Amino acid sequence: DFSKAMSQAGTSQFQEVIRQELEYSMKVELDKILATAPSNELEHTKKDLEGFKKLFHRFLQEKGPSVDWGKIQRPPEDSIQPYEKIKARGLPDNIASVLNKLVVVKLNGGLGTSMGCKGPKSLIGVRNENTFLDLTVQQIEHLNKSYNTDVPLVLMNSFNTDDDTKKILQKYSHSRVKIYTFNQSRYPRINKETLLPIAKDVSYSGENTECWYPPGHGDIYASFYNSGLLDNLIAEGKEYIFVSNIDNLGATVDLYILNHLMNPPNGKRCEFVMEVTNKTRADVKGGTLTQYENKLRLVEIAQVPKAHVDEFKSVSKFKIFNTNNLWIALSAIKRLQEKNAIDMEIIVNPKTLDGGLNVIQLETAVGAAIKSFENSLGINVPRSRFLPVKTTSDLLLVMSNLYSLNAGSLTMSEKREFPTVPLVKLGSSFTKVQDYLRRFESIPDMLELDHLTVSGDVTFGKNVSLKGTVIIIANHGDRIDIPAGAVLENKIVSGNLRILDH
């Protein structure tokens with residue numbers, strides 16, 4: 001046992017030496033990169049690289065999955081409140097003064113590449129020519145006009161989306177919404193083998209675009225603080241931010257939740273509220289809220305030891321998942337940021353670049369910080385508050401007559417008999433937005449649809465109606481054209497059909 005202990009001590013000493021060498025090499029490389037920064041970018045680049053260095057240091061320290069599965073417990077009953085209970089409290093007469101303490105923050109760092117679009121995802125048209133950003137501005141403008149308030153919109157851009165977003169913001173200059181932006185950090189991607197940056201200088205245009213990445217939405221705390229915007233908003237009397245993904249069309253300002261935050265029933269304010277909703281089979285990979293070391297904690301699938309992944313995905317044990325709609329106290333962000341006390345697990349995101357080089361990105365997630373805040377709460381909200389558009393299958397749902405649009409908000413049509421959304425799976429011919437749009441002369445009537453699967457070269461004429469379960473499969477080399485006015489109810493269509501009996 002003595003020799004075993006000695007060899008273990010030797011191993012850990014050896015690992016420590018390797019760690020120190022890696023940190024030193026990283027520092028040397030980052031200093032070289034910093035030396036190439038022009039004077040007007042120096043301060044900003046320095047902050048980014050300092051932040052990255054801290055993250056890299058933690059990455060080298062951590063071993064194995066970041067949660068001990070044995071310590072995970074179900075959250076206590078009162079730590080996740082049902083939305084109905086919060087809504088039942090009603091609203092006070094002075095809801096305008098409560099609204100004036102709110103800032104809406106949208107995470108706007110993503111590109112539309114997964115849907116075949118260039119530029120910011122927020123500029124993709126989703127409904128009647130309106131983009132995600134248009135709908136967001138309309139929602140907040142409607143609030144400000146209805147209650148005579150001044151709720152601002154803040155966009156967290158990335159270096160990928162900042163220029164294009166700023167150009168488009170001019171079109172809202174006459175709307176009744178103050179819009180601010182700040183940029184999340186820009187971190188260097190590192191070579192998977194050497195663990196050193198692949199960037200040689202600070203530039204991120206042309207062939208250098210692949211050298212850098214925005215480090216996930218967990219970066220919001222540091223970037224928001226560093227931008228000076230956090231302090232300005234506190235000085236204006238703002239108290240809470242409502243943060244959500246710009247592609248979640250269900251994430252509108254909820255007055256009942258806001259009132260619960262500002263006027264808590266027990267007199268003790270929450271610093272952090274996470275909206276969760278019940279899992280369906282489609283959400284088994286979503287992060288879930290657990291009780292861990294007497295704190296509410298978000299556990300993501302990447303943190304789960306392999307042996308427990310199936311248990312994590314179980315809909316019966318972990319019934320809820322994080323919608324990434326979060327309500328956070330500004331003063332708490334400032335306090336924790338100044339103490340360097342926001343603790344978020346590192347997500348290691350492996351990527352393969354176009355040339356075949358394997359790199360890793362170190363990222364963090366905004367919701368993971370819940371355990372650093374005092375008096376955190378989960379609120380189990382209706383599914384309607386989670387309506388993300390990640391694929392063209394999602395886009396088909398929100399463009400259809402399943403939803404009606406009012407003042408920038410989408411609501412499920414009253415004509416739909418059941419509250420759940422149909423399951424839609426469009427094949428690879430529909431992945432890119434322009435291909436998808438070309439294949440529908442008009443969006444089908446989907447009010448009575450349960451399930452739609454489409455695969456291969458398929459087009460839809462005008463005024464098609466889909467009901468029940470519809471499966472359309474064009475084999476390789478074949479083509480199926482669904483004619484105008486067709487009604488497909490519980491039908492499987494396959495083969496090569498240019499015209500369909502109906």
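Residues numbered from 1 in each chain as written. Predicted model: local features only at pLDDT ≥ 70, side-chain atom pairs only at ≥ 80, totals over all residues. Heavy atoms only, no water.

Caption draft 1: The UniProt feature "binding site: UTP" (unreviewed entry) in the protein, seen in detail. Residues given the UniProt feature "binding site: UTP" (unreviewed entry) here are Lys121, Gln184, Gly216, Asp247 and Lys390. By the secondary structure assignment, Gly216 is in the loop between strand 9 (212-213) and helix 7 (220-226). Accessibility expressed as a relative area gives 15% for Gly216, which makes it buried. Apart from residues lying up to four places away in sequence, Asp247 is in contact with Lys121, Phe132, Leu387, Pro388, Val389 and Lys390. (UniProt positions renumbered as here; feature names shortened; annotations may be inferred. Helix = DSSP H or I, 4+ residues; strand = E, 2+ residues; numbered from the N terminus. Buried < 20%, exposed > 50% of the residue type's maximum accessible area, 1.4 Å probe, protein only. Contact = heavy atoms within 4.5 Å.)

Caption draft 2: Quick peek at the packing of aromatic side chains. The tally for this structure, following the rule as stated, stands at 15 aromatic pairs. In this structure, Arg186 is placed above the aromatic ring of Trp212, and the distance from its NZ or CZ to the ring centre is 4.3 Å. Across from the ring centre of Tyr292, 4.3 Å away, lies the NZ or CZ of Arg297, which sits over that ring. (Phe/Tyr/Trp six-rings, centres within 6.5 Å; stacked < 30°, edge-to-face > 60°. Lys NZ or Arg CZ within 6 Å of the ring centre and 35° of its normal.)

Caption draft 3: Spotlight on the pairing of strand 23 (residues 465-474). Judged from the eight bridges that link them, strand 21 (residues 445-455) and strand 23 form a sheet pairing that is parallel. Bridge pairing links Leu449 to Gly468 in strand 23. Where strand 23 and strand 25 (residues 487-495) come together, eight bridges link them in parallel fashion. Counterpart to Lys467 in the pairing with strand 25 is Glu489. (Pairing = 2+ DSSP bridges.)

Caption draft 4: Molecular detail of the UniProt feature "binding site: substrate" (unreviewed entry) in the protein. In this structure's numbering, the residues bearing the UniProt feature "binding site: substrate" (unreviewed entry) are His217. In this structure, His217 sits in the loop between strand 9 and helix 7. Looking at His217, the relative accessible area reads 26%, which means it is partly exposed.

Caption draft 5: Spatial organisation of the pairing of strand 20 (residues 423-426). The alternating pattern of strand 20 places Val424 and Leu426 on a buried face, while none of Leu423 and Lys425, on the opposite face, is buried. Considered for its hand, the β-α-β crossover made up of strand 20, helix 13 (residues 433-439) and strand 21 is left-handed. (Right-handed = clockwise from strand over helix to strand, strands pointing away.)

Caption draft 6: Representation of the nonpolar core in the model. By size, the foremost hydrophobic cluster in this structure holds 107 residues, and its most contacted members are Ile220, Tyr221 and Phe460. Lining this core are residues from two domains, each supplying at least three of them: domain 1 (67-383) and domain 2 (390-492). Those residues within four positions of Phe460 in sequence are excluded, and the remaining contacts are Phe430, Arg439, Phe440, Glu441, Pro444, Val454, Leu466, Ile472 and Ile482. Counting 27 residues, the second-largest nonpolar core is a separate cluster that includes Ala37, Leu195, Ile198 and Ala199. (Core = buried A, V, L, I, M, F, W, Y, C linked by side-chain atoms within 4.5 Å. Domains from an automatic or database assignment.)

Caption draft 7: The domain arrangement of the protein, seen in detail. For the protein, the assigned domains read domain 1 (67-383) and domain 2 (390-492). Centre-to-centre separation of domain 1 and domain 2, based on C-alpha positions: 30 Å. Opposite the 18 residues of domain 1 that make contact, domain 2 presents 18 residues. Across the domain 1 to domain 2 interface the summed buried area is about 1,400 Å²; carbon plus sulfur atoms make up 58%. Linking domain 1 with domain 2 are one salt bridge, by the criterion used here. The residue Lys390 makes a salt bridge to Asp247 at a minimum N-O spacing of 2.9 Å. The interface formed by domain 1 and domain 2 contains six residue pairs in polar contact (both at pLDDT 80 or more). Of all the secondary-structure elements, those providing two or more residues to the side of domain 1 that touches domain 2 are strand 3 (125-127) and helix 5 (132-147). Per-element tally for the side of domain 1 that touches domain 2: the top contributor is helix 5, with four residues. A class-by-class count of the residues in the side of domain 1 that touches domain 2 yields five nonpolar, ten polar and three charged. (Buried area = accessible area lost by both parts, 1.4 Å probe. Salt bridge = Lys/Arg side-chain N within 4 Å of Asp/Glu carboxyl O. Polar contact = N/O pair within 3.5 Å; in protein donor to acceptor, adjacent residues only side chain to side chain. Nonpolar A, V, L, I, M, F, W, Y, C, P; charged D, E, K, R; others polar.)

Caption draft 8: A look at unusual backbone geometry. For Asn148, which is not glycine, the phi dihedral falls at a positive 55 degrees. Structurally, the position occupied by Asn148 is in the loop between helix 5 and strand 5 (153-157). Not every positive phi belongs to a glycine, and Asn463 is a case in point at roughly 55 degrees. Positionally, Asn463 belongs in the loop between strand 22 (457-460) and strand 23. Look at Asn463 and you get exposed, because its relative accessible area is 59%.

Caption draft 9: Representation of the pattern of salt bridges. Summed over all chains, the structure comprises 27 salt bridges. With its nearest N and O atoms 2.8 Å apart, the salt bridge here joins Asp247 to Lys121. Of the two residues, Asp247 is situated in the loop between strand 10 (240-245) and helix 9 (255-262) and Lys121 in the loop between strand 2 (102-108) and strand 3; the sequence distance between them amounts to 126 residues. This pair shows no difference in class: Asp247 is buried, exactly as Lys121 is. Put simply, Arg58, Arg297, Asp343, Glu345 and Lys371 are held in one network by salt bridges that share partners.

Caption draft 10: Molecular detail of the sheet that holds strand 5. Spatially, 1-17-11-14-10-2-5-6 is the arrangement adopted by the eight strands of the open sheet, whose pairing is mixed. Across the chains shown, the open sheet's two edge strands, defined by having one partner strand only, are strand 1 (80-82) and strand 6 (179-183). Taking the axes of each pair of neighbouring strands and ignoring which way they run, one obtains an average angle of 25 degrees across the sheet. Where strand 2 meets strand 10, six bridges bridge the pair, whose relative direction is parallel. Looking across to strand 10, one finds that Val105 is bridged to Val243. Those strands touched by helix 9 are strand 2, strand 10, strand 11 (272-278), strand 14 (320-329) and strand 17 (377-380), and its axis lies near 55 degrees from that of strand 14. Across the sheet, helix 11 (residues 330-338) is in contact with strand 10 and strand 14; its angle to strand 14 comes to roughly 90 degrees. (Axes fitted to C-alpha atoms, helices over the stretch in contact; angles between N-to-C directions.)

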